[in-house]
Amino acid sequence: MTANKGKNKSALRRSTARLAAVQALYQSELTGHPADRVLEDFLQYGIGSSVTLGQDADEDSAGGEVEHILAPPDGALLAVIFRGATARREVLDEMIAGALTGDWTVERLESVLRAILRGGAFELIDCPDVPVRVVISEYVDIAHAFYSGPEPGLVNAVLDRIARVVRADEIGGDARPR
């Protein structure tokens, strides 16, 4: 979420909404609280005006953490992603499972990684007005906010494979399901 310097306020609000949706999906899975309650909490209390993340790759710091100021989330987009990913969880998990390689399963993924992939897969499937490259880039950025290892690459690969099936006409992919 550090590449926000050139984004307009509306784009920043959408980016923050995606991050909040991922956090809400994670919280919902972790706590088992009803989806409506989790969403209401996120819409009412938000995710805060700033968040401390790992070291910014653009900073010349000696391994310290960097505080990023977040725009308030676009509440409508947050609700659409959260409600949609929650309601279509089984379908999304099937698509994600089909895009994983080797012996990886959706259940084997960490909860945060599952939440990121569910949010991204939902947008690829149900939000055709958002370009594929934007969806993938946004969720890879979210993965970078939580992980410094290979996980962002996994998010990129899985969402790309899903996009080649569900948005084949947009990116010239293979319309056959895996």
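Description of the structure in this document. (Residues numbered from 1 in each chain as written. Predicted model: local features only at pLDDT ≥ 70, side-chain atom pairs only at ≥ 80, totals over all residues. Heavy atoms only, no water.)

Right, let's talk about helix α7 (residues 151-166) for a bit. Helix length check: α7 (16 residues) gives 22 Å between terminal C-alpha atoms against 22 Å at 1.5 Å per residue, within 8%. Within α7 the residues assigned to the buried category are Pro152, Val155, Val158, Leu159, Ile162 and Ala163. Seen along its axis, α7 keeps its buried residues to an arc of 135°; they face one direction. In this structure, the buried side of α7 is in contact with α4 (89-99), α5 (111-126), α6 (132-146) and α8 (168-171). (Helix = DSSP H or I, 4+ residues; strand = E, 2+ residues; numbered from the N terminus. Expected span 1.5 Å × (residues − 1). Buried < 20%, exposed > 50% of the residue type's maximum accessible area, 1.4 Å probe, protein only. Arc of directions from axis to C-beta. Contact = heavy atoms within 4.5 Å.)

Taken N-terminus to C-terminus, the directions of α4 and α5 make an angle of 100°; their axes are 10 Å apart at the nearest point. Classified by the interaxial angle, the pair formed by α4 and α5 is roughly perpendicular. Mapping the contact onto sequence places Arg89, Leu92, Asp93, Met95 and Ile96 in α4 and Leu117, Arg118, Ala121, Phe122 and Ile125 in α5. (Axes fitted to C-alpha atoms, helices over the stretch in contact; angles between N-to-C directions. Parallel < 35°, antiparallel > 145°, perpendicular 65-115°, else oblique.)

A word on the environment of serine 111. Mapped onto the secondary structure, serine 111 falls in helix α5. When the C-alpha atoms of serine 111 and glutamine 27 are compared, they prove to be 9.3 Å apart, with 84 residues separating the residues in sequence. Residues contacting serine 111, with those up to four places away along its chain left out, are Tyr26 and Glu29.

Our next topic: the side chain of arginine 167. For arginine 167, the location among the structural elements is in the loop between α7 and α8. Within the local environment of arginine 167, its side chain forms a polar contact with the side chain of glutamate 170, the two groups lying 2.7 Å apart. Beyond its immediate sequence surroundings of up to four residues, arginine 167 is in contact with Glu123, Leu124, Cys127, Pro128, Val130, Pro131, Val132 and Ile162. (Polar contact = N/O pair within 3.5 Å; in protein donor to acceptor, adjacent residues only side chain to side chain.)

By the definition in use, this model includes 9 salt bridges. We note a salt bridge from arginine 18 to glutamate 123, for which the minimum N-O separation is 2.7 Å. Of this pair, arginine 18 sits in helix α1 (residues 9-31) while glutamate 123 sits in helix α5, placing them 105 residues apart in sequence. Classification of glutamate 123 by relative accessible area gives buried; the value is 0%. With a shortest N-O distance of 2.7 Å, glutamate 170 and arginine 167 are connected by a salt bridge. The network of salt bridges with shared partners includes Glu29, Asp93, Arg114 and Arg118. (Salt bridge = Lys/Arg side-chain N within 4 Å of Asp/Glu carboxyl O.)

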